[in-house]
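A closer look at the structure
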Amino acid sequence: MTVTHTLRVPGAHLRYEVRGAGPLLLVMGSPMDAGAFAPLADALANDHTVVTHDPRGISGSTLDDPEQDSTPERRADDVAAILDALGADSADVFGSSGGAVTGLALVARHPARVRTLVAHEPPVMELLPDAAEQRAMTEDIIETFHREGQGAAWMKFMAGAGFDHEGHDGGAPAAQPDAPSLQDIANGARFFGHELRGTARFVPDTAALTAAPARVVVGIGADSGGLVTYRTSVALAELLGTPPVEFPGDHGGFLGRPEEFAEALRRTLTV
């Protein structure tokens, strides 16, 4: 059974879902909402209490000011507030893509709240040798969104991320479906207009991450070789001095292979 809750936090109302029983595990993305992680959460719920949520400004998590930008730090504070609402001192955390960036900010800002963070393919572009080029590409995508709309912006985003390569045809963060709903369109506008820049420009606090009591694991897709998030994941793992852990599929492996992905996550959390 899945139970949905709403939590008031500064500037927003957060919607989060709780399912299963066992050790507490937060599963999160950004801008992907809770619904995108439902198959993975269901696969983990037999032996974990799994909490998913809609990031602020996405789907059921509404903002007092719709023009407020989303930053990893704001999202990390929201996750800490969810832990408070659950009466939990700490939890294991799985974050994918922008959710992995949120997790990195969470460990840096609230180090005692995380037992193990599995940061699956965080797009930490600032760690790359071509960071300036990546920054310019992000700005061009955002300008394209404002000038030409979501369709053109998604095409540039997918190409820049590497999803136009053979074998990579889905799994991008909040990738626009063939027939987007009104909510999909609203989430896409939020992503390009208020979230992409803050996530892509995030610089992990390596000193805080290595000093924290939390164990930080970088997850990388077995089939992600052509993606920019493969490079960012390798760069982060090198900075932290720990080898990345391989997960099934590519950037969105949890979408197409949730049972296999859940088993890999269980193994990682119990090492």
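Residues numbered from 1 in each chain as written. Predicted model: local features only at pLDDT ≥ 70, side-chain atom pairs only at ≥ 80, totals over all residues. Heavy atoms only, no water.

Considering the overall build of the protein
- Tallying secondary structure elements over the protein gives 10 helices and 9 strands in all.
- Of the contacts formed within the protein by residues at least 6 apart in sequence, a portion of 74% connects residues at least 24 apart.
- Just so you have it, the protein exposes about 11,000 Å², and 53% of that area is on carbon and sulfur atoms.
- Charge-centre separation for the protein: the mean point of 20 positive side chains lies 5 Å from the mean point of 37 negative side chains. (Helix = DSSP H or I, 4+ residues; strand = E, 2+ residues; numbered from the N terminus. Contact = heavy atoms within 4.5 Å. Areas by Shrake-Rupley, 256 points an atom, 1.4 Å probe, with all protein chains shown as cover. Lys, Arg positive; Asp, Glu negative; His and termini not counted. Charge placed at Lys NZ, Arg CZ, Asp CG, Glu CD.)

Points about the nonpolar core
- Membership of the largest hydrophobic core comes to 38 residues, with the highest contact counts inside it found for L26, L104, V107 and L117.
- Per-element tally for this core: the top contributor is helix α3 (residues 98-109), with 6 residues.
- In contact with L104, other than residues within four places in its own chain, are L117, A119, P122, V124, F202, P204, L209, V216 and L236.
- Within the second largest apolar cluster, 20 residues are counted, among which are V27, A36, F94 and A264. (Core = buried A, V, L, I, M, F, W, Y, C linked by side-chain atoms within 4.5 Å. Buried < 20%, exposed > 50% of the residue type's maximum accessible area, 1.4 Å probe, protein only.)

Concerning unusual backbone geometry
- In this structure, P31 follows S30 across a cis peptide bond, with omega equal to 10 degrees.
- With respect to the element layout, P31 can be found in the loop between β3 (24-28) and α1 (38-44).
- Of note in this structure, S97 is not a glycine but carries a positive phi near 55 degrees.

Some words on α3
- Relative to the 16 Å expected for 12 residues at 1.5 Å per residue, α3 spans 16 Å between its end C-alpha atoms, a close match to the ideal helical length.
- Burial analysis of α3 places 10 of its 12 residues in the buried class, the great majority of the element.
- Residues G98, G99, A100, V101, T102, G103, L104, A105, L106 and V107 constitute the buried set of α3. (Expected span 1.5 Å × (residues − 1).)

Quick word on the pairing of strand β4 (residues 49-53)
- For β4, the tally of buried residues reaches 5 of 5 residues, placing the bulk of the element in the interior.
- Alternating residues of β4 divide into T49, V51 and H53 and V50 and T52, and every residue in both groups is buried.
- Pairing of strand β2 (residues 12-20) with β4, which is carried by 5 bridges, proceeds in the antiparallel orientation. For V18, the partnering residue across the bridge sits in β4 and is V51. (Pairing = 2+ DSSP bridges.)

Here's the deal with the side chain of T49
- Within the element layout of this structure, T49 appears in strand β4.
- Using a relative accessible area of 17% as the deciding quantity, one classes T49 as buried.
- Of the polar contacts made by the side chain of T49, one reaches the backbone oxygen of G22; its length is 3.0 Å.
- In this view, T49 contacts V18, R19, G20, A21, G22, P23, L24 and L25; residues no more than four positions away in its chain are not counted. (Polar contact = N/O pair within 3.5 Å; in protein donor to acceptor, adjacent residues only side chain to side chain.)

Some words on the pairing of strand β6 (residues 91-96)
- When you tally the buried positions in β6, you get 6 out of 6 residues, the bulk of the element.
- Here β6 shows a buried face lined by A91, V93 and G95 and a second buried face lined by D92, F94 and S96.
- As defined by bridge partners, β3 adjoins β6 across 4 bridges and the pair is classed as parallel. Across the sheet, M28 pairs through a bridge with G95, a residue of β6.
- For β6 and strand β7 (residues 114-120), the ladder comprises 5 bridges, and the chain directions are parallel. When the sheet's bridge partners are listed, S96 is paired in β7 with H120.
- In this view, the connection linking β6 to its parallel neighbour β7 by way of α3 has right-handed handedness. (Right-handed = clockwise from strand over helix to strand, strands pointing away.)

Overview of the pattern of salt bridges
- Applying the stated criterion to the full structure yields 18 salt bridges.
- Of the charged contacts in the structure, one is a salt bridge between R115 and D92, with a shortest N-O distance of 3.6 Å. Placement of R115 in strand β7 and of D92 in strand β6 is noted, with a sequence separation of 23 residues between them.
- The closest approach of N and O atoms between R231 and D130, which form a salt bridge, is 3.1 Å. With R231 in helix α8 (residues 228-240) and D130 in the loop between β7 and α4 (131-148), the pair connects residues that are 101 residues apart, well separated along the chain. (Salt bridge = Lys/Arg side-chain N within 4 Å of Asp/Glu carboxyl O.)

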